Amino acid sequence: MFDVIIIGGGTAGLALATALCQQGVKRVRVLEREAEAGGVPRHCGHYPFGWREFGRLMKGPDYARKLVAKARAAGVEISTGVAVTALLKDGQLRISQNGEISEISARRIGLCMGVREASRAQRLISGQRPLGVISTGALQSMVFLHRQRPFSRPVILGSELVSLSAIMTCAHMGIKPVMMLEETAEMKARAIMRPYPALKGIPMRFGVSDVEIIGDKTVQAVRYTDADGHTQEVAADGVIVSGQFRPESALLHESHLAVDPATGGPEIDQYGRCSDPHYFATGNLLRPVETSGWCWQEAVETAARVRAGLKQDPVEQPFLRLKVEGKGLRYVVPQRLSLGAEAGGMKEMQLRMSAPASGYLTAMSAGRSLHSAFVEARPERRVLLPLAPIINAKPRETIRLRLL
Ligand SMILES: Cc1cc2nc3c(=O)[nH]c(=O)nc-3n(C[C@H](O)[C@H](O)[C@H](O)COP(=O)(O)OP(=O)(O)OC[C@H]3O[C@@H](n4cnc5c(N)ncnc54)[C@H](O)[C@@H]3O)c2cc1C
């Protein structure tokens, strides 16, 4: 039997597996459904990856190859072309490989399935169903893995960091985006990146609504309502539906594991443990969405917790729930605070806003303030709050996080 089986051979899965082997865990196997391990970076043919992990800036595919090589050198067994189709109790998995279905098990399972961009249907975009409406991830795979050019003058929907990655990907194939459309009043990517579309000559429209795709077999135009309420139309031959990431959670929803509706990922405690303690989770599956460097670091830290947990049988710990409430806060990770006396848990909780907001982020339990800190953030920015003051205050009931 394997000590740890990890589902997903992207940044987090490979980092978790490598760190486990380096820490002396003997039998570690990564299952990856694609033909090659490496995850999303494998088809991000642009910088910047690798600074935190390898001390230099790399393009995605070089970075992915290095992660795979490092994992193999550490003794990780990587199985590609293996899709996990069910998460069962007691660390049992159903897998599909070469058309055969079978079951395998391990003492612990690491969930590292990452995120995916919201589809056209999930964004409720109306209009016809022509060819040429794709996510940034699909575009990257066409451009970098298959050298295909799906369109030449697309509209980009969204303005997150990944939307800028779409612009870079287009440039590789001489594709010239004609416009970027964003629902919110300003660009979601960090301030330092905001001039990038203008530098590339791409006009941006903010505060748009009612996006509609026009075209029968292929895209002809995109219609939208502008911030002043006027209907506008821009001619285009494709649409890149970028960002609005969601955890790759289909397996979770079919399983016995608790899922957090706010993040879309599994509920975890401060040790990365899911509601069934045979399962751990790390990387972007936990929440949309972080950089590769962050996911790598998070996975390395999770490895130490998994290794420590292997010394005993997995047992469900009593826990208190962490909950976001009121205006402005979107989610918190972890969602559970285990009350055991284990060492080495996360030092901070991660929060995100639902809209630009500022105020005192306050942790309350049973009407008592446990900790408070001033925060000012936008929806795509990570907000960190230390866990130690909350644990040290010895709460006895649900911990409610509010922006006051
Ligand atoms: C378009 C795009 C551009 C980006 N650009 C940058 C950048 O420039 N710099 C940066 O730092 N970050 C960038 N990122 C973010 C970075 O790619 C992620 O932070 C990182 O890949 C997260 O790692 P992960 O292991 O959590 O997920 P992933 O890398 O997504 O890996 C998840 C893996 O799990 C596998 N998997 C899922 N379900 C199953 C299953 N049931 N069975 C088996 N395998 C399964 C998937 O095939 C995949 O390989 C970008 C992301 C995107 C989408």
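Residues numbered from 1 in each chain as written. Predicted model: local features only at pLDDT ≥ 70, side-chain atom pairs only at ≥ 80, totals over all residues.

J.: Explain the packing of helix α4 (residues 136-146) against helix α5 (residues 161-172) here, please?
T.: The relative placement of two packed helices comes down to the angle between their axes together with the axis-to-axis distance. Between α4 and α5, whose axes approach to 10 Å, the crossing angle comes to 25 degrees. When the axis of α4 is compared with that of α5, the two are roughly parallel. Crossing angle aside, the handedness with which α4 passes α5 is left-handed. For the pair α4 and α5, contact is made by T136, L139, Q140 and V143 and by V162, S165, A166, T169 and H172, respectively. (Axes fitted to C-alpha atoms, helices over the stretch in contact; angles between N-to-C directions. Helix = DSSP H or I, 4+ residues; strand = E, 2+ residues; numbered from the N terminus. Parallel < 35°, antiparallel > 145°, perpendicular 65-115°, else oblique. Left-handed = near helix turned anticlockwise from the far one by under 90°. Contact = placed C-beta atoms within 7 Å.)

J.: Would you explain the site of the ligand in this entry?
T.: Not every one of the 37 residues close to the ligand is listed here, only the nearest: G8, G10, G39, G114 and G283. Those elements that provide at least two residues to the shell around the ligand are α1 (11-22), β2 (28-32), β4 (82-87), α4, α5 and α8 (292-309). Residues of the shell around the ligand, tallied by class, amount to 16 nonpolar, 16 polar and five charged. Here the shell around the ligand spans two domains, and each of domain 1 (1-118 + 245-316) and domain 2 (119-243) adds at least three residues to it. (Near = placed C-beta within 6 Å. Nonpolar A, V, L, I, M, F, W, Y, C, P; charged D, E, K, R; others polar. Domains from an automatic or database assignment.)

J.: Would you take a moment to explain the domain arrangement of the chain for this structure?
T.: One widely used convention gives an interface's size as the accessible area the parts lose upon coming together. Split into domains, the chain comes out as domain 1 (1-118 + 245-316), domain 2 (119-243) and domain 3 (317-404). Between domain 1 and domain 2, the C-alpha centre-to-centre distance is 30 Å. Facing the 10 residues of domain 1 at the interface are 16 residues of domain 2. Across the side of domain 1 that touches domain 2, the residue classes break down as five nonpolar, three polar and two charged.

J.: Quick question: what am I supposed to make of the nonpolar core here?
T.: Considering soluble globular proteins, one finds that nonpolar side chains tend to be buried as a cluster. Formed by 68 residues in total, the largest nonpolar core has its most connected members in L16, A17 and L20. Element by element, the count of residues in this core is highest for α1, at eight residues. Beyond its immediate sequence surroundings of up to four residues, A17 is in contact with I6, V28, V30, A71 and V76. Counting residues in each nonpolar core, the second largest holds 30 residues, with I175, L181, A189 and V211 among its members. (Core = buried A, V, L, I, M, F, W, Y, C linked by C-beta atoms within 7 Å. Buried ≥ 20, exposed ≤ 12 C-beta atoms within 10 Å, placed from the backbone.)

J.: Is there a simple way to think about the sheet that holds strand β19 (residues 319-324) in this case?
T.: Strand pairing in a sheet is mediated by backbone hydrogen bonds. Such pairs are either parallel or antiparallel. Reading across the sheet, the five strands line up as β21-β19-β26-β23-β24 and stay open at both edges, with mixed pairing between neighbours. The open sheet has two edge strands with one neighbour each: β21 (336-338) and β24 (368-377). Within the sheet, the average angular offset between the axes of one strand and its neighbour, ignoring direction, is 20 degrees. As paired elements, strand β23 (residues 357-365) and strand β26 (residues 399-403) share four bridges and run antiparallel to each other. For L361, the partnering residue across the bridge sits in β26 and is L403. (Pairing = 2+ DSSP bridges.)

J.: In this structure, what is going on with the pairing of β19? I would like to understand it.
T.: Consecutive side chains along a regular strand alternate between the two faces of the sheet. Summarising the sheet, β19 and β21 pair through three bridges and their orientation is antiparallel. Note on β21: the bridge partner recorded for F319 is S338.

J.: Which parts of the structure should I look at to understand α4?
T.: Note that an α-helix has 3.6 residues per turn; residues three or four places apart therefore point the same way. Those residues of α4 not exposed but buried are T136, G137, L139, Q140, V143 and F144. Buried residues of α4, seen end-on, are gathered within an arc of 155 degrees and therefore sit on one face of the element. Where α4 is buried, its residues contact α3 (60-74), β7 (115-117), β9 (133-135), α5 and β16 (238-241). R147 sits one or two residues past α4 and shows a positive phi near 50 degrees. (Arc of directions from axis to C-beta.)

J.: Help me out: how do you make sense of the pairing of β2 in this one?
T.: Burial analysis of β2 places four of its five residues in the buried class, which makes it a mostly covered element. Where strand β1 (residues 2-7) and β2 come together, four bridges link them in parallel fashion. Within the sheet, the bridge partner assigned to I6 lies in β2 and is V30. After leaving β1, the chain enters α1 and then returns to the sheet as β2, a path that is right-handed. Pairing analysis gives four bridges linking β2 to strand β3 (residues 77-80), with the strands arranged parallel. In the strand pairing of β3, R29 is matched with E77. (Right-handed = clockwise from strand over helix to strand, strands pointing away.)

J.: I tried to follow α3 on my own but got confused; where do I start?
T.: Taking 1.5 Å per residue, 15 residues should reach 21 Å; α3 reaches 21 Å between its end C-alpha atoms and fits that length. Buried residues of α3: G60, Y63, A64, L67, V68 and A71, and no others. The buried residues of α3 occupy one face: seen down the axis, they fall within an arc of 135 degrees. Facing away from the buried side of α3, by more than 90 degrees, are the exposed residues A69 and A73. On its buried side, α3 packs onto α1, β2 and β3. Directly beyond the C-terminal end of α3, a positive phi value near 105 degrees is found at G75. (Expected span 1.5 Å × (residues − 1).)

J.: What should I look at first to understand the sheet that holds strand β10 (residues 154-157) in this one?
T.: Overall, parallel pairing links the five strands, which are arranged β9-β16-β10-β11-β12 in an open sheet. Where the open sheet ends on each side, the last strands, each with one partner, are β9 and β12 (204-205). As judged from the four bridges shared by β10 and β16, these two strands associate in the parallel manner. Pairing of V155 across the sheet is with V239, part of β16. In the packing of α4 onto the sheet, contacts are made with β9 and β16, and the angle to β9 comes to roughly 90 degrees.

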